[in-house]
Structure formats: structure tokens, C-alpha cells
Amino acid sequence: MLAITVATESGPAPTRPSADELATLLRRIGADGDHFAVAERIPGADQVFLQTRREGDGPFAERLPSGA
């Protein structure tokens, strides 16, 4: 289990997903209505996160907060 929460455009994902669950979430990014995912450490108070976005089969675009 990973110490993260993940939210996607199509809805929230489980808290503390396994590596396989996270991989499944990321593979679906780019489908209609599911273009991004935001992963945050637990607890999320640190504001440490990774955000990724994808259009169709195109490349992923990642974003980290400044200072991370």
C-alpha cells in the first residue's frame, strides 16, 4: 500500500492504493472524461503532490509544486 491519495477527473480513487491499483489509474488517463490524476502524500497537510494530465494517446504532462 502506498501512503498517498489519488483523485482523478472521473472521481476519487482509493486511499493508500497498491502499486497495481495506481498503475491501473494512470493507464486510463487520457480517456474521455478522465484526463488527469493528482496524487498527494498522506497526510496531505504538507501540500506535496504530483499532477499529471494526458490527452488521448498523447504524452503525459507532469507538474510538481515549486520547491518539491
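Structural data are supplied above this passage.
Scope of this entry: the structure provided in the associated data block. (Residues numbered from 1 in each chain as written. Predicted model: local features only at pLDDT ≥ 70, side-chain atom pairs only at ≥ 80, totals over all residues. Heavy atoms only, no water.)

### What about the overall build of the protein?
Heads up, the rule is: Under the DSSP-based scheme used, a helix requires at least four consecutive residues in state H or I and a strand at least two consecutive residues in state E, with every element numbered from the N terminus. We call a residue buried when its accessible area falls under 20% of the maximum for its residue type, exposed when it is over 50%, and partly exposed in between, using a 1.4 Å probe and counting protein chains only. Note on contacts: a residue pair qualifies if any of its non-hydrogen atoms lie within 4.5 Å across the two residues. The accessible surface values rely on the Shrake-Rupley method and a 1.4 Å probe; as for residues, cover is taken only from the protein chains in view.
In terms of helices and strands, the protein carries one helix and five strands. Looking at the protein as a whole, 26% of its 68 residues qualify as buried. A separation of at least 24 residues holds for 36% of the contacts in the protein among residues at least 6 apart in sequence. On the protein, roughly 4500 Å² of surface is accessible, and the fraction owed to carbon and sulfur atoms is 56%.

### Side note on the sheet that holds strand β5 (residues 61-63)
What counts, and what does not: Between any two strands, at least two bridges found by DSSP are needed for them to pair. The convention used is that axes are lines fitted to C-alpha atoms, helices contributing only their stretch in contact, and that angles between N-to-C directions extend from 0 to 180 degrees.
The strand order across the open sheet built from five strands is β2-β1-β3-β4-β5, with neighbouring strands paired in antiparallel fashion. Unpaired on one side and paired on the other, β2 (11-12) and β5 mark the two borders of the sheet. In the packing of helix α1 (residues 19-27) onto the sheet, contacts are made with β1 (4-8), β3 (36-41) and β4 (49-53), and the angle to β1 comes to roughly 20°.

### Regarding unusual backbone geometry
For Arg16, which is not glycine, the phi torsion reads 55° and is therefore positive. Following the sequence through the fold, Arg16 ends up in the loop between β2 and α1.

### Topic: the pattern of salt bridges
Pairs can form between side chains of opposite charge whenever their charged atoms are close. The line we're drawing: What makes a salt bridge here is a side-chain nitrogen of Lys or Arg within 4 Å of a carboxyl oxygen of Asp or Glu, nothing more.
For the structure on display, the rule yields two salt bridges. Between Arg28 and Asp34 there is a salt bridge, with its nearest N and O atoms 2.6 Å apart. Taking the shortest distance from any N to any O, the salt bridge between Glu55 and Arg53 comes out at 2.6 Å.

### Quick notes on the nonpolar core
Using the following cut-off: Residues enter a nonpolar core if they are buried and are Ala, Val, Leu, Ile, Met, Phe, Trp, Tyr or Cys, with the set joined through side-chain atoms within 4.5 Å.
By size, the foremost hydrophobic cluster in this structure holds eight residues: Ile4, Val6, Ala13, Leu22, Leu25, Ile29, Ala37 and Ala39. Secondary structure elements with two or more residues in this core: β1, α1 and β3. Those residues in contact with Ile29, other than ones at most four positions away along the chain, are Asp34, His35, Phe36, Ala37, Arg53, Arg54, Gly56 and Phe60.

Remember, this is a structural readout, not a statement about activity or role.
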